[in-house]
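Here's the letter readout for the chains.
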Amino acid sequence: MSSHSELKTSQDVHLRAKQIKSLIRSLKQKIKKIEREGEVAPANCHIIRYQVNRKGTIYWYYKLQAAESIFPMATNNEKKTKYKYLGRAGSSAHIDAVEKLTRRNLIDELERVIQSLTESYLDIYI
């Protein structure tokens, strides 16, 4: 009787492992699909809103901010800055950055799930 129980447990382990591997493959395909949709923003970037006060009138602008200096400076392409000017809300640069950042965030979340599933897969065999 114990050999039947061991066989069932072994089959269950392999089935769970197979399901996790299948899900990981599916998520990696989703990442590739997102990357095919268009350019992805660099890692560790976000869009910030800031105001400029000119002659008593407040204007709002947007820029893409990175954790490190990765964007070419407007005045000197050889130097790098943490910021990329996007202009006013709804400008083509602003909308483009939002789309790129959305793709980056989706990919980052999928990669976190893949990492978690990979750890789960390893736990099955411990």
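Just so it is clear, the model here is predicted, and its values are computed rather than measured.

Student: Even after reading the chapter, I still don't get the overall build of the protein, so can you show me in this structure?
Tutor: Counting secondary structure elements, the protein contains two helices and five strands. A globule of 126 residues ought to have a C-alpha radius of gyration of about 14 Å, yet the protein, at 23 Å, is considerably larger. Oriented by its inertia axes, the alpha-carbon framework of the protein measures out at about 85 × 30 × 25 Å. The buried share of the protein, taken over its 126 residues, is 25%. Restricting the contact set of the protein to residue pairs at least 6 apart, pairs at least 24 apart contribute 49%. Total accessible area on the protein is roughly 9,400 Å²; 52% of this is exposed by carbon and sulfur atoms. Distance between charge centroids for the protein: 7 Å, based on 23 positive and 14 negative side chains.

Student: Help me out: how do you make sense of the layout of surface pockets in this one?
Tutor: Space left empty within the atom packing is revealed by a probe, the size of a water molecule, rolled over the atoms. Taken as a whole, the largest pocket holds about 200 Å³ of empty space. Taken together, Tyr50, Lys63, Phe71, Pro72, Met73, Ala74, Thr81, Tyr83, Lys84 and Tyr85 make up the full set of residues lining the largest pocket. Those elements giving two or more residues to the lining of the largest pocket turn out to be β3 (71–72) and β5 (83–87). When the residues that make up the lining of the largest pocket are grouped by side-chain class, the tally is seven nonpolar, one polar and two charged.

Student: Please clarify how the side chain of His94 should be interpreted in this entry.
Tutor: Secondary-structure assignment places His94 in helix α2 (residues 92–124). Setting aside residues up to four positions removed in sequence, His94 forms contacts with Tyr62, Leu86, Arg88 and Ala89.

Student: Please clarify how the packing of aromatic side chains should be interpreted in this entry.
Tutor: Given two aromatic rings, their pairing is described by the distance between the two centres and the angle made by the two planes. Following the criterion strictly, the structure yields two aromatic pairs and no others. Residues Tyr50 and Tyr61 carry aromatic rings whose centres are separated by 6.0 Å and whose planes lie at 35 degrees to one another, so their mutual orientation is tilted. Here the residue Tyr50 occupies a position in strand β1 (residues 45–54), and Tyr61 occupies one in strand β2 (residues 57–66), the gap between them amounting to 11 residues. A relative accessible area of 11% means that Tyr61 is categorised as buried. Between the aromatic rings of Tyr61 and Tyr85, the centroid separation amounts to 6.1 Å while the plane-to-plane angle is 40 degrees, which identifies the pairing as tilted. In this pair, Tyr61 is assigned in strand β2 and Tyr85 in strand β5, connecting sequence segments 24 residues apart. Members of the aromatic cluster, each reached through a chain of ring pairs, are Tyr50, Tyr61 and Tyr85. In this structure, Lys63 packs its charged tip against the face of Tyr83, placed 4.4 Å from the ring centre. Just above the ring of Tyr61 sits the side chain of Arg88; from NZ or CZ to the centre is 6.0 Å.

Rules and cut-offs
Residues numbered from 1 in each chain as written. Predicted model: local features only at pLDDT ≥ 70, side-chain atom pairs only at ≥ 80, totals over all residues. Heavy atoms only, no water. Helix = DSSP H or I, 4+ residues; strand = E, 2+ residues; numbered from the N terminus. Rg over C-alpha atoms; globule rule 2.2 N^0.38 Å. Buried < 20%, exposed > 50% of the residue type's maximum accessible area, 1.4 Å probe, protein only. Contact = heavy atoms within 4.5 Å. Areas by Shrake-Rupley, 256 points an atom, 1.4 Å probe, with all protein chains shown as cover. Lys, Arg positive; Asp, Glu negative; His and termini not counted. Charge placed at Lys NZ, Arg CZ, Asp CG, Glu CD. 1 Å grid on protein atoms, 1.4 Å probe; cavity = no way out; pocket = protein on both sides within 12 Å on 5 of 7 lines; lining within 4 Å. Points joined across faces, edges and corners; volume = space filled by probe spheres on them. Nonpolar A, V, L, I, M, F, W, Y, C, P; charged D, E, K, R; others polar. Phe/Tyr/Trp six-rings, centres within 6.5 Å; stacked < 30°, edge-to-face > 60°. Lys NZ or Arg CZ within 6 Å of the ring centre and 35° of its normal.

Fair warning: the whole summary comes from geometry, so function is off the table for now.
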